Amino acid sequence: YVRLELLEGVMHYHLGDFDNARAKLSAAQSKCKQLEVDDEALVQLMAMGFSGSEAKRGLRFCAGDLTNAAEFIFKSKRMQQVCVVHYSKPLCGVPSMTWHLLTDIGHLPTQEASERRERMQRLRHEQKRYSIAHSDI
């Protein structure tokens, strides 16, 4: 969400809404700090055989908790194997009939993802409105 917050902050700045711009940019900075991972935990997960990107993703998803991150990575790998074995498709193209599998494993899209999609649509609408309003300049 860092990029979304940054983009919203820039948009509010250019619209002259400096209070909202400041709030969005502060939120982006806060979220950026949350993405940082502990180097020691990263090394420990990599020593368990996980790749660097898997370890970072797990630590970020689990707020730096090493045990939960390892469990998350195992579940993610299992889910990917199940989808590939049963449906011969990677996760990025999961067909609708796999929702029962994903429910069993505990990986369904969240309300937060839906809200993010709606925010992106509103932002695109605002960008179009801004570009139309300033096209006369």
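Residues numbered from 1 in each chain as written. Predicted model: local features only at pLDDT ≥ 70, side-chain atom pairs only at ≥ 80, totals over all residues. Heavy atoms only, no water.

1. Examining the overall build of the protein
Piece 1. From N to C terminus, the protein includes 7 helices and 0 strands.
Piece 2. Helices (α) and strands (β) of the protein occur, in sequence order from the N terminus, as α-α-α-α-α-α-α.
Piece 3. A buried classification covers 24% of the 137 residues belonging to the protein.
Piece 4. Partitioning the contacts of the protein with sequence separation of at least 6, the portion at a separation of at least 24 is 36%.
Piece 5. Of the roughly 9,900 Å² of accessible surface on the protein, 54% is carried by carbon and sulfur atoms. (Helix = DSSP H or I, 4+ residues; strand = E, 2+ residues; numbered from the N terminus. Buried < 20%, exposed > 50% of the residue type's maximum accessible area, 1.4 Å probe, protein only. Contact = heavy atoms within 4.5 Å. Areas by Shrake-Rupley, 256 points an atom, 1.4 Å probe, with all protein chains shown as cover.)

2. Some remarks on unusual backbone geometry
Piece 1. Positive phi, normally seen in glycine, also occurs at A63, with a value near 55°.
Piece 2. Classification of A63 by relative accessible area gives exposed; the value is 74%.

3. Some details on helix α3 (residues 39-47)
Piece 1. Residues of α3 that are buried: A41, L42 and L45. For α3, the arc enclosing every buried residue in end-on projection is 100°, short of the 170-degree limit, so these residues lie on one face. The exposed set on the far side of α3, more than 90 degrees from its buried face, consists of D39, E40, V43 and A47.
Piece 2. Positive backbone phi, at 105°, marks G49, one or two positions downstream of α3. (Arc of directions from axis to C-beta.)

4. Observations concerning the confidence of the model for the protein
Piece 1. Chain-level statistics for the protein give a pLDDT mean of 77 and a share of 69% at 70 or above.
Piece 2. pLDDT under 50 marks residues 94-108. Its contacts with residues more than four places away, or in other chains, come to 24 contacts. (pLDDT = per-residue confidence, 0-100.)

5. Things to note about the nonpolar core
Among soluble globular proteins, nonpolar side chains are generally buried collectively.
Piece 1. A41, L42, L45, F50, A55, L59, C62, A69, A70, F72 and I73 together form the largest nonpolar core, which totals 11 residues.
Piece 2. The set of elements that each furnish at least two residues to this core consists of α3, α4 (52-61) and α5 (66-87).
Piece 3. Per-element tally for this core: the top contributor is α5, with 4 residues.
Piece 4. Leave out the neighbours within four places in its chain, and L45 touches F50, A55, L59, L66, A69, A70 and I73. (Core = buried A, V, L, I, M, F, W, Y, C linked by side-chain atoms within 4.5 Å.)

6. Some details on a nonpolar patch on the surface
Piece 1. A contiguous nonpolar patch, built from L6, V10 and L25 and spanning about 230 Å² of accessible area, is present on the exposed surface.
Piece 2. Mapping V10 onto the fold places it in helix α1 (residues 2-14).
Piece 3. Since its relative accessible area comes to 41%, V10 is described here as partly exposed. (Patch = residues over 30% accessible without salt bridge, like charges linked within 9 Å, V, L, I, M, F, W, Y side chains within 5 Å. Salt bridge = Lys/Arg side-chain N within 4 Å of Asp/Glu carboxyl O.)

7. A look at the packing of α1 against helix α2 (residues 18-34)
Piece 1. It is the contact of α1 with α2, at a shortest axis distance of 8 Å, that shows an interaxial angle of 160°. In terms of axis orientation, α1 runs roughly antiparallel to α2. Crossing geometry of α1 relative to α2 is assigned as left-handed. Counted together, V2, E5, L6, E8, G9, H12 and Y13 of α1 and F18, N20, A21, K24, L25, A27, A28, K31 and C32 of α2 form the full contact between these two elements.
Piece 2. The residue inventory of the contact of α1 with α2, partitioned by class, reads 9 nonpolar, 3 polar and 4 charged. (Axes fitted to C-alpha atoms, helices over the stretch in contact; angles between N-to-C directions. Parallel < 35°, antiparallel > 145°, perpendicular 65-115°, else oblique. Left-handed = near helix turned anticlockwise from the far one by under 90°. Nonpolar A, V, L, I, M, F, W, Y, C, P; charged D, E, K, R; others polar.)

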